[in-house]
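Analysis of the macromolecular model
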Amino acid sequence: MKLKLGLACSALAMAGALAGTVPAAAAAPTAPTASVAPAQGADEAVAVYPEVIPRYGEVDVHWTAVGTADTTGPTQITLDLPSWMTIGIPMITDEQTFTFSYSISPDGHHLTALYTGTQKPGQTEFLQARVSSALTIPPGVITATVSNPGDRNPANNVATAGIGGETAPPPVIPAAPRAVSSDISTGPGVGGSVVTITGTSLANGMVLFGDTPATNVSCTDTSCTATAPGGWGLVPVTVVTPGGTAYTPSAFLYTGPPPPAPPAPALTALDVTSGPTAGGNTIYLAGSDLAGGLVLVGGRPAADSSCGTNLCSATAPAGTGTVDVQVLTAGGLSPAVSGDQYTYTG
C-alpha cells in the first residue's frame, strides 16, 4: 500500500538525519500530465487519485514542478470532498527538506495544506489523506488545487476525479483574483493583526505578508480574513489562488519591534563531504532549527536549497579547495565547524 510506503520512507529519512546520514530518495510518483505545454519559469501542476471504498479509503494529491525553473517558497494545496465523505489526518511525501502544515474544515470536507520548500523541475511531491465515506458510494467529484506566487501557468492548477461511477467534469480554472481593498494597513511587528481583504475570485486563497504566509486564513470568493504574521517595515500583501496572484492596493506597515528571532541554526553532519570542482552534486545536511534556510557552500548560495527543521538539501555550486558549508536563516548563520566542511576534488 502507498500508505505503508510513505510511513516507512518518512521514518527512514528522519532516522538518517538523526544519525548524520541521509537515505537514498524514494522514487517519486509519476508526474501528472499538464493540460498545456509547460510555461517558462516556475510552474506547478496538480493531480488527484482517489481510492475510495465503503466506509474507508484514501485520496492522493500530487503536485509537480513542470516548468523550467525551481518552484520555491510557500505552495498551497487544497482538497475538496463530497458532503458524504470526511478527511482524516493527511500524510505527506517522505522528504523532510521542507516544512508542512495543514488544516481541515470543521465539517471535514475541505483540506488546506501549506508546503514551504524548493521543488526542482520535474520533482513531484504528494500528500495522502485517509477518508471516511458512507456505507455506499454515491456518485461524486473530488477536486484538488495548487497555488504558488511564482506559478506562470494557472491552466494546470486544478484537478478533478470522479467516484461512485461519476465521470469527472473538466477542471474549472478560476479567474485571476482581484484585491480591491483591505480594512487595515498597519499593525504591530509581533504580528496578530486581523486583516480583511475584499475583492473577486479570492476563494481558496493563500494570504502572504511579504513572503510570509498569514495564519487563520479564511477566503470566500469576495473576501479573505487573515492574521498577520510577525514582520518589520513595509511589505506587500498578496492573495494567491489557483488562478493567480493579486496585490492589495495598500502595503502593510509593521510598527514597533519585530518578533524575537528564531534560534540560530546548527549543522551536525553532511552526507557528502567532497565533489567535483564543477559542482552539481546533491548534498544533504542534518542539524537543528534549519527551516526555511539557505545553504551556503564556501559562502556562496547553493542551488535548489530546501530546508525542513532538521534536514536540508542543495546542489553544490562550482568551487575549489576545502570550504565551510553553512545554513542561513532568520535566526542567523550556522557556526562553521570542521565536521561540516566540503572539499572540491579534480
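Everything here concerns the structure above.
Values in this document were obtained by computation on a predicted structure and should not be read as measured data. (Residues numbered from 1 in each chain as written. Predicted model: local features only at pLDDT ≥ 70, side-chain atom pairs only at ≥ 80, totals over all residues. Heavy atoms only, no water.)

1. Some words on the overall build of the chain
- Secondary structure summary: the chain contains one helix and 30 strands in total.
- Considering only contacts within the chain whose residues lie at least 6 apart along the sequence, 65% involve residues at least 24 apart.
- With the model as given, the accessible surface of the chain reaches about 14900 Å², and the carbon-plus-sulfur share is 60%. (Helix = DSSP H or I, 4+ residues; strand = E, 2+ residues; numbered from the N terminus. Contact = heavy atoms within 4.5 Å. Areas by Shrake-Rupley, 256 points an atom, 1.4 Å probe, with all protein chains shown as cover.)

2. Concerning the layout of surface pockets
- If you add up the space inside the largest pocket, you get close to 1200 Å³.
- If you trace the largest pocket, you find 39 residues lining it, with Asp-211, Thr-212, Ala-291, Gly-292 and Ala-330 closest to the centre.
- Its residues assigned to classes, the lining of the largest pocket comprises 19 nonpolar, 16 polar and four charged. (1 Å grid on protein atoms, 1.4 Å probe; cavity = no way out; pocket = protein on both sides within 12 Å on 5 of 7 lines; lining within 4 Å. Points joined across faces, edges and corners; volume = space filled by probe spheres on them. Nonpolar A, V, L, I, M, F, W, Y, C, P; charged D, E, K, R; others polar.)

3. As for the sheet that holds strand E27 (residues 311-315)
- If you trace the four strands from one edge of the open sheet to the other, you get E21-E23-E27-E26, paired in antiparallel fashion. In this open sheet, the two strands that pair with only one neighbour each are strand E21 (266-270) and strand E26 (303-307). Averaged over neighbouring strand pairs, the angle between their axes works out to 25° when direction is ignored.
- As paired strands, strand E23 (residues 282-288) and E27 are joined by five bridges and run antiparallel to one another. Within E27, the position partnered with Leu-285 by the bridge is Cys-312. (Pairing = 2+ DSSP bridges. Axes fitted to C-alpha atoms, helices over the stretch in contact; angles between N-to-C directions.)

4. Comments concerning the state of the cysteines
- In total, this model carries two disulfides according to the counting rule given.
- The disulfide bridge from Cys-219 ends at Cys-224, spanning 2.1 Å between sulfur atoms. With the S-S dihedral at roughly 115°, the linkage between Cys-219 and Cys-224 falls on the right-handed side. An identical accessibility class is assigned to Cys-219 and Cys-224; each is buried.
- What pairs with Cys-307 in a disulfide is Cys-312, and their sulfur atoms sit 2.1 Å apart. What sets the handedness of the Cys-307 and Cys-312 disulfide is the S-S torsion sign, and at about 115° it is right-handed.
- Cys-312 sits in the buried class, given a relative accessible area of 0%. (Disulfide = S-S within 2.5 Å. Buried < 20%, exposed > 50% of the residue type's maximum accessible area, 1.4 Å probe, protein only.)

5. Notes on a nonpolar patch on the surface
- On the surface, Ile-89, Tyr-102 and Ile-104 cluster together to form a nonpolar patch covering roughly 280 Å² of accessible area.
- Within the element layout of this structure, Tyr-102 appears in strand E5 (residues 99-104). (Patch = residues over 30% accessible without salt bridge, like charges linked within 9 Å, V, L, I, M, F, W, Y side chains within 5 Å. Salt bridge = Lys/Arg side-chain N within 4 Å of Asp/Glu carboxyl O.)

6. Focus on the environment of Leu-114
- Topologically, Leu-114 is positioned in strand E6 (residues 110-116).
- Between the C-alpha atoms of Leu-114 and Thr-78, which are 36 residues apart in sequence, the distance is 8.8 Å.
- Not counting residues up to four positions away in its chain, the partners in contact with Leu-114 are Pro-74, Thr-75, Gln-76, Thr-99, Phe-100, Ser-101, Met-206 and Pro-213.

7. Things to note about the nonpolar core
- Formed by 25 residues in total, the largest nonpolar core has its most connected members in Val-48 and Leu-79.
- Of all the secondary-structure elements, those providing two or more residues to this core are strand E1 (44-53), strand E2 (56-65), strand E3 (74-80), strand E4 (86-92), E6, strand E7 (124-132), strand E8 (140-147) and strand E9 (158-163).
- Val-48 has contacts with Val-59, Asp-60, Val-61, Leu-79, Ile-142, Ala-144, Ala-159, Thr-160 and Ala-161, leaving out every residue within four places of it along the chain. (Core = buried A, V, L, I, M, F, W, Y, C linked by side-chain atoms within 4.5 Å.)

8. Focus on the packing of aromatic side chains
- Inspection of the entire model under this criterion finds six aromatic pairs.
- Geometrically, the ring pair formed by Phe-209 and Phe-252 is edge-to-face, given 5.2 Å between the ring centres and 85° between the ring planes. On the criterion of sequence distance, the pair formed by Phe-209 in strand E13 (residues 206-209) and Phe-252 in strand E20 (residues 252-255) is long-range, its members being 43 residues apart.
- You can call Phe-209 buried: its relative accessible area is 4%. (Phe/Tyr/Trp six-rings, centres within 6.5 Å; stacked < 30°, edge-to-face > 60°.)

9. Here's the deal with the sheet that holds strand E11 (residues 186-188)
- On the basis of which strands lie adjacent, the open sheet formed by three strands has the order E11-E20-E17 and mixed pairing. Looking at strand neighbours, the two that pair on one side only are E11 and strand E17 (234-235), the edges of this open sheet.

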